[in-house]
Amino acid sequence: MKYFFLILSLASTLLASPVLTVAVTLQPYAKMLSRLGKDRIEIVVLVPEGSDPHTFEPKPGTLKDFSKAEIYFTDSSGLDKNWLPRFKGVNSKVKILALDSGIQFESLDDHHHESEALDPHLWVSLKNVQIILKNMLAVLMQYDPQGENFYLENFNTYMEELVSLSDSIESLSKKLPEEKKTFMVFHPSFGYFARDYGFKQLCIEADGKEPKPKDLQHLIQEAKKSKIQSIFIMPNFSKRSAEMIAKSLNANVVTLNPLAYDFEKAIKILLETLSKVQ
């Protein structure tokens, strides 16, 4: 009987062990992957929670974890391309697979960082997230066919939640008149949200820096014209210019973090704030 329980214990341990080790760059992608694979996959996240991807440098411990990955999901952005040679240097056998297949990239707006041609914030549009999930699902089922039903069940559950939230955003967009569909952010993180749901994003920063006094006055005038009531800022970015503009407009400054693991929270905050526009 003792041996029976020992075998049962070993079997349970084996079943609970991750089947695949998968690496992603950012926390939002880790959230998506976790919802699909749960304990069946081990996830290596290259950029820690709270870090700025624009200034990120992978630590030795991160590279050590990456060396064990069998799959690396890339979003093909400029940041990913810059990091790839270093990652491949510690893991030449890793399968590099695109999670952005089927997504149409946009350029960042006129105030973008000069080193980034494409907007990498794909996940702020739930329509993009649904495409990313389908791409991830196909890969997981290909490399772990025994887990196909498990992945598919998790995929369907998560998709229902995303579709419901996406429908709420579309419903709000239809209700709001055009003159109230403009919102202001410090860093241009919500371009795909604006594109896919019929909003317009105004960006404060210029080439990744605080705007000059002349540009600041122009932004204030543009914000007044667009009747901006809230300005969205992200952690790790300066609040100074956003607070100056908000004071001129008698507007609110709202903090959200689209780079967080719980990226849907930032989208919900944006949705809730926009729904209160008068």
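Our subject is the structure that appears above.
Residues numbered from 1 in each chain as written. Predicted model: local features only at pLDDT ≥ 70, side-chain atom pairs only at ≥ 80, totals over all residues. Heavy atoms only, no water.

A.B. asks: I'd like a rundown of unusual backbone geometry, residues and numbers included.
C.D. replies: If you check the backbone angles, Lys38 has positive phi at about 45° while not being a glycine. Tracing the backbone through its elements, the reader meets Lys38 in the loop between α2 (27–37) and β2 (41–45). (Helix = DSSP H or I, 4+ residues; strand = E, 2+ residues; numbered from the N terminus.)

A.B. asks: Break down the pattern of salt bridges for me, with residues and values.
C.D. replies: Within this structure, the stated rule accounts for ten salt bridges. Arg35 serves as the salt-bridge partner of Glu161, at 2.9 Å between the closest nitrogen and oxygen. Of this pair, Glu161 sits in helix α6 (residues 148–175) while Arg35 is found in helix α2, placing the two residues 126 residues apart along the sequence. Given the relative accessible area of 40%, Glu161 is considered partly exposed. (Salt bridge = Lys/Arg side-chain N within 4 Å of Asp/Glu carboxyl O. Buried < 20%, exposed > 50% of the residue type's maximum accessible area, 1.4 Å probe, protein only.)

A.B. asks: I'd like a description of the pairing of strand β3 (residues 71–74), backed by residues and values.
C.D. replies: On β3, burial covers both faces: Ile71 and Phe73 on one face and Tyr72 and Thr74 on the other are all buried. Strand direction decides the pairing type here: strand β1 (residues 20–24) and β3, joined by three bridges, are parallel. When the bridges of β3 are listed, Ala23 appears paired with Tyr72. Strand direction decides the pairing type here: β3 and strand β4 (residues 95–98), joined by four bridges, are parallel. The residue of β4 that forms the bridge with Ile71 is Lys95. (Pairing = 2+ DSSP bridges.)

A.B. asks: Can you explain α6? Please cite residues and give values.
C.D. replies: In a regular helix each residue adds 1.5 Å, so 28 residues correspond to 40 Å; α6 covers 40 Å between its end C-alpha atoms and thus fits that length. Buried within α6 are the following residues: Tyr151, Asn154, Phe155, Tyr158, Met159, Leu162, Leu165, Ser166, Ile169, Leu172 and Ser173. Buried-residue contacts for α6 involve β1, α2, β2, α5 (126–143), α7 (191–197) and α10 (263–275). (Expected span 1.5 Å × (residues − 1). Contact = heavy atoms within 4.5 Å.)

A.B. asks: Account for the packing of aromatic side chains, naming residues and giving values.
C.D. replies: As enumerated under the stated definition, the model contains 14 aromatic pairs in all. Summarising the aromatic geometry, the rings of Tyr72 and Phe87 are spaced 5.8 Å apart at their centres and angled 80° between planes, so their arrangement reads as edge-to-face. You can see Tyr72 sitting in strand β3 and its partner Phe87 sitting in helix α4 (residues 78–90), a full 15 residues away along the chain. Its relative accessible area of 0% is what places Tyr72 among the buried residues. Classification of Phe87 by relative accessible area gives buried; the value is 1%. Taken together, Phe183, Phe190, Phe193, Tyr197, Phe199 and Phe232 form an aromatic cluster joined through their ring pairs. (Phe/Tyr/Trp six-rings, centres within 6.5 Å; stacked < 30°, edge-to-face > 60°.)

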